[in-house]
Amino acid sequence: QVQLVESGGGLVQPGGSLRLSCAASRITFSMYEMGWYRQAPGKQRELVARISSDGSSNYANSVKGRFTISRDNAKNTVYLQMNSLKFEDTGVYYCNAHRIFASVPDLNYWGQGTQVTVSS
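Per chain, residues are indexed from 1 in the order of the written sequence. Where totals are concerned, whole chains, interfaces and linings use all residues; where local detail is concerned, this predicted model gives features only for residues with pLDDT of at least 70, and gives and counts side-chain atom pairs only at 80 or more. Water and hydrogen atoms were dropped before computing side-chain values, which therefore reflect all heavy atoms in the structure.

(A) Main features of the overall build of the chain. Secondary structure counts use DSSP, requiring at least four H or I residues in a row for a helix and at least two E residues in a row for a strand, with both numbered from the N terminus. Along the backbone of the chain there are 0 helices and 11 strands. With the principal axes as the frame, the chain shows a C-alpha extent of 50 × 30 × 25 Å. Categorising residues by exposure relies on relative accessible area from a 1.4 Å probe, with only protein chains included: less than 20% of the type maximum marks a residue as buried, more than 50% marks it as exposed, and the intermediate range marks it as partly exposed. In the chain, buried positions account for 38% of the 120 residues. In this analysis, two residues are considered to be in contact whenever any of their non-hydrogen atoms come within 4.5 Å of each other. Sequence-distant contacts in the chain: of pairs separated by 6 or more residues, those separated by 24 or more amount to 54%. Shrake-Rupley sampling with a 1.4 Å probe provides the accessible areas, and residues are treated as covered by the protein chains on show and by no other component. When the accessible surface of the chain is split by element, carbon and sulfur atoms take 47% of a total near 6500 Å².

Quick look at the structure:
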C-alpha cells in the first residue's frame, strides 16, 4: 500500500520558518511529480509548490521567493522549506504524488496532512 507520510508542521510566529518533509513508500518515487498543497479553514485545497521528476519546480504566486520545494530521490522524500511565514500560510499541508501515463489513468496519492499554524 502506497504511503505518503508528512512531518514538520507546527506552530510558528509570523516571519518564522518551518521545513516539511514527506516520505513516500511503495512507489517508484523518482518517476513521480511531487507536490505540496494546503487547505485553510473554509477554503479549497490549493497548490503550493510542485517538483517534477526532472527537478523542475513551480510555485503559487503567494509563496514565490519564500518557499522552496526539493526532493531527494535516494531517500524517497520531498521537502518544503517555508521561510518568512505569514498568517495566511496557516492550513493543513498535504503531500501529493502524481504520475502521468500516456494511455492509462494517472496515479495520484495523498498524504494525511500536517497542520501549519502561523500565529503570534
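Now, onward.
(B) Local environment of the nonpolar core. Counting 27 residues, the largest nonpolar core has Met-34, Trp-36, Val-78, Leu-80, Met-82 and Tyr-93 as the members making the most contacts within it. Looking at this core, the elements that each hand over two or more residues are strand 3 (18-25), strand 4 (33-39), strand 5 (46-51), strand 7 (67-72), strand 8 (77-82), strand 9 (91-99) and strand 11 (114-118). Counting residues per element, this core draws most heavily on strand 3, at 4 residues. For Tyr-93, the contacting residues outside a window of four places in its chain are Glu-6, Leu-20, Trp-36, Tyr-37, Arg-38, Val-48, Phe-67, Leu-80, Met-82, Gly-113, Thr-114 and Val-116. Among buried residues, the Ala, Val, Leu, Ile, Met, Phe, Trp, Tyr and Cys ones that are joined through side-chain atoms within 4.5 Å form a nonpolar core.

(C) Quick peek at the pairing of strand 4. For strand 4, the buried fraction is high: 5 of the 7 residues fall into the buried class. Inspection of the sheet shows strand 4 paired to strand 9 by 7 bridges, in the antiparallel sense. By the bridge assignment, Tyr-37 is partnered in strand 9 with Tyr-94. Joining the antiparallel neighbours strand 4 and strand 5 is a turn of 6 residues, in which Gly-42 adopts a positive phi near 75°. Pairs of strands are assigned from DSSP output, requiring at least two bridges between the strands.

(D) Broad picture of the sheet that holds strand 7. The strand order across the open sheet built from 4 strands is 1-3-8-7, with neighbouring strands paired in antiparallel fashion. Bordering the open sheet on either side are strand 1 (3-7) and strand 7, each of which pairs with just one other strand. Mean inter-strand twist for the sheet, computed between neighbouring axes without regard to direction, equals 15°. Strand direction decides the pairing type here: strand 3 and strand 8, joined by 6 bridges, are antiparallel. By the bridge assignment for strand 8, Leu-20 is matched with Leu-80. Axis lines are fitted to C-alpha atoms, over the contacting stretch for helices. Their N-to-C directions set the angle, which ranges from 0 to 180 degrees.

(E) Examining the packing of aromatic side chains more closely. Aromatic contacts are taken between Phe, Tyr and Trp rings whose centres are within 6.5 Å, Trp giving its six-membered ring; a plane angle under 30 degrees counts as stacked, one over 60 as edge-to-face, and the others as tilted. Enumeration according to the criterion identifies 2 aromatic pairs in this entry. With a centroid separation of 6.3 Å and 40° between ring planes, the pair formed by Tyr-32 and Tyr-109 is classed as tilted. Within this pair, whereas Tyr-32 is found in the loop between strand 3 and strand 4, its partner Tyr-109 is found in strand 10 (residues 107-110), the two being separated by 77 residues in sequence. Here Tyr-37 and Trp-110 contribute two aromatic rings whose centre-to-centre distance is 5.0 Å and whose plane-to-plane angle is 70°, an arrangement assigned as edge-to-face. Taken as a pair, Tyr-37 in strand 4 and Trp-110 in strand 10 lie far apart in primary sequence, 73 residues in all.

These figures capture arrangement, not role.
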